[in-house]
Amino acid sequence: MAVTRNREDTIAAFEALAIPLEKQVYHVCLNMMGNREDAEDCAQETMLKAFRGFARFEGRSKFSTWLYSIATNVCLDALRTRRDAVSLEVLQEAGWEVADEAPEAYERLEAAERRRLLKAALKELPPDFKAALTLVDLQGLPYQEAAEALELPLGTVKSRVSRARNQLLVILSRQPELFGQNPRHNGERREKR
Amino acid sequence: MNCKRCESLLDQYLDGLMEASDKAALKEHLHGCAHCRLRMQVLEDSRRINEEDEVPVSFSASWRQAIQDEEVVPMKRQTPGWTKWLAMAAALVVVVAGTWLTGNELNRISGSPVKPAGGMAGGAGYYSGLESADSAANYDMDAPAMAESAMTRSAPAPQMAAQPQETKIIRTLSIQSATRNFDADYQTIRQDLEKIGGRVENAEVRTGSNGLRTAYLTLRVPAARLDSFAEQLKGMGHLQSISESAQDVSERYYDTDARLKTQLAKMERLRALMEKAASVEELISLESAIADTQYQIDSYTGQLKGMDSQVNDATLNLTLSEMSALDTAETKAETLWDRIASGTVHMWQMLKIWAADAAVFLAAVLPVIILIAIVVIIIKAIVKRRNKK
């Protein structure tokens, strides 16, 4: 990390690195928290923490990995301590609920519809699995980088991603509207497993 | 191709890293296997899950503002790893040597009635040892800080609150001291404490079975004045022991601070939403969210205040025991003449005590002696009369 001498330099250096990543940070928080309000809180906390720790950032890992690491930790903390309060989700996130309209098979649903189902399913994953899946499958990080961000051994991340994927499939398959009416899918799945 | 093999190839397929032959086999499997098709579809969707999720403008604006509001401490030069270890090793050596010297000093005090001249050197070594340990424990990240004086290390209270990156340390000092001028020293301590803006949190004076008093004081001393105040106490009476602990609460402090800021920002957003609320349901939900946020804000504010108070005012546990006039442990270096005079006085005092003790003993046994004497006299008289016959 380049040594900068004054306030403006520090802010400028941080912004130069962080602004291109703010979208990713927000998306990580959104996928982890499951609603925009909490996501914004966590993303904000991530940026502030990153800025405060910026002086200690030694460049051992990529800046993005470091930022992802802070973001996932902030979200995991928030998920652990989240109180069961009335969330703004009620007001603002109605569109996130699984739609009630007549379903089709997941594959044939419109992409936007599938994403909504996927987001709903994500909420059911345990936080640790969700963190691994968020970084690898949703953010597209290589396993190695995700392992660095999560400060976990590579094997652990791989196994968590794999188990999270399987759980997602189970949750999505459970949607009776999608799969209950299609015996071909159910039958084939059991047979192949 | 089976499902397991297919699963392991999906990542490569989606990343476009797959061999043509594998690709054909995979496609064939996917065509016939609904489960794997679903798996691939989910993976593809996962990559695009946030396609429609725009970054809220409020987030982009508020974090930029938040870092502008932060007071930036210029980036510190990173101390190389080995320097830290060297500093810690040096501190350890000083602590061990200082403790050893003091141990000797304390042994000398308890072992001989008159403390040899130069004994304070051990005490001074012990004290400086403590300070080095403190520096190493808390400032090892920041080598230049170790060179700073004790006074400048602990910044005064109002400044601490204004410098977010400052190390937050809760210091606790314990001092045991003995004095012959108990009343005078006790008063002086309280007056001096008041002068430097400290306060007595708890004070208890007990009188022991020997008639000597001991004061147990818990004092809150402004952190910036702790070292100078401790020096002052050291010069008063006879220092028996001193220990210090320093708890670094920086991480907890700044985490709490960050959470508080987040909650404050959330509160602003909630209030803005409140103004736009259209239905009763919305109003009720928002009221509840605001109450919840306010609770968090109050809780974090309370925690910060508590930590601030402990950081700004160090705790000093002082035990001040009264020494009897006979106790010759001295706080100052003595000349040979002083020692002879002191020894003579001591001898006379011992003699007086012995004489007094002897007098008490005699008084106690006198009736018995008289009784025995009477019996002896009577027996002797009887024996004499018989002999005469």
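Residues numbered from 1 in each chain as written. Chains lettered and ligands numbered in written order. Predicted model: local features only at pLDDT ≥ 70, side-chain atom pairs only at ≥ 80, totals over all residues.

Enquirer: Lay out the overall build of chain A with the relevant residues and their values.
Expert: Helix and strand content of chain A: 11 helices and 0 strands. Of the regular secondary structure in chain A, the N- to C-terminal order runs α-α-α-α-α-α-α-α-α-α-α. Once local pairs closer than 6 in sequence are excluded, the contacts in chain A between residues at least 24 apart make up 65%. (Helix = DSSP H or I, 4+ residues; strand = E, 2+ residues; numbered from the N terminus. Contact = placed C-beta atoms within 7 Å.)

Enquirer: Residue-level account of helix α1 (residues 7–18) of chain A, with values.
Expert: For α1(A), which comprises 12 residues, the first-to-last C-alpha distance of 16 Å matches the rise-based estimate of 16 Å (1.5 Å per residue) to within 8%. Those residues of α1(A) that fall on the buried side of the exposure criterion are Thr10(A), Phe14(A) and Ala18(A). Down the axis, α1(A) shows its buried residues gathered within 50 degrees of arc, on one side only. In α1(A), the exposed positions that point more than 90 degrees away from the buried face belong to Glu8(A), Ala12(A) and Ala16(A). Those residues of α1(A) that are buried are in contact with α2 (22–33), α3 (36–53) and α4 (63–81) of chain A together with α4 (57–69) of chain B. (Expected span 1.5 Å × (residues − 1). Buried ≥ 20, exposed ≤ 12 C-beta atoms within 10 Å, placed from the backbone. Arc of directions from axis to C-beta.)

Enquirer: Quick one: what's the story with unusual backbone geometry, residue by residue and with numbers?
Expert: Phi at Glu151(A) takes a positive value of approximately 55 degrees, unusual for a residue other than glycine. Since 9 C-beta atoms lie within 10 Å of it, Glu151(A) is described here as exposed.

Enquirer: Could you give an account of the packing of helix α1 (residues 3–14) of chain B against helix α3 (residues 34–47) of chain B, naming the residues involved and the relevant values?
Expert: Residue and element names in this part refer to chain B. One way to put it is that α1 packs onto α3 with a least axis distance of 10 Å and a crossing angle of 25 degrees. Here α3 runs roughly parallel to α1, going by the angle between their axes. The interaxial crossing formed by α1 with α3 has right-handed handedness. The residues of α3 that touch α1, namely those facing Cys-3, Cys-6, Glu-7, Leu-10 and Leu-14, are His-35, Cys-36, Arg-39, Met-40, Leu-43, Glu-44 and Arg-47. Residues that form the contact of α1 with α3 fall into these classes: 7 nonpolar, 1 polar and 4 charged. (Axes fitted to C-alpha atoms, helices over the stretch in contact; angles between N-to-C directions. Parallel < 35°, antiparallel > 145°, perpendicular 65-115°, else oblique. Left-handed = near helix turned anticlockwise from the far one by under 90°. Nonpolar A, V, L, I, M, F, W, Y, C, P; charged D, E, K, R; others polar.)

Enquirer: Can you break down the pairing of strand β5 (residues 313–322) of chain B residue by residue, with the values?
Expert: Residue and element names in this part refer to chain B. Of all 10 residues in β5, 7 are buried, a share of seventy percent or more. Where strand β1 (residues 169–179) meets β5, 8 bridges bridge the pair, whose relative direction is parallel. Residue Gln-176 lies in a different strand from β5, and its bridge partner there is Thr-319. (Pairing = 2+ DSSP bridges.)

Enquirer: Give a detailed account of the sheet that holds strand β4 (residues 238–248) of chain B, specifying residues and quantitative values.
Expert: Residues and elements named next belong to chain B. Here 5 strands make up an open sheet; going across it, the order is β2-β3-β5-β1-β4 and the pairing mixed. Strands with a single pairing partner mark the edges of an open sheet, and in this sheet they are β2 (199–207) and β4. With direction set aside, neighbouring strand axes in the sheet form an average angle of 10 degrees. Both β1 and β4 contribute to a ladder of 10 bridges, which runs antiparallel. Looking at β4, one finds that Ser-174 is bridged to Ser-243. Sheet strands in contact with helix α10 (residues 182–195) are β1, β2, β3 (213–222) and β5, and its direction is about 15 degrees off that of β3. Packed onto the sheet, helix α11 (residues 223–234) meets β1, β3, β4 and β5 and runs at close to 15 degrees relative to β1.

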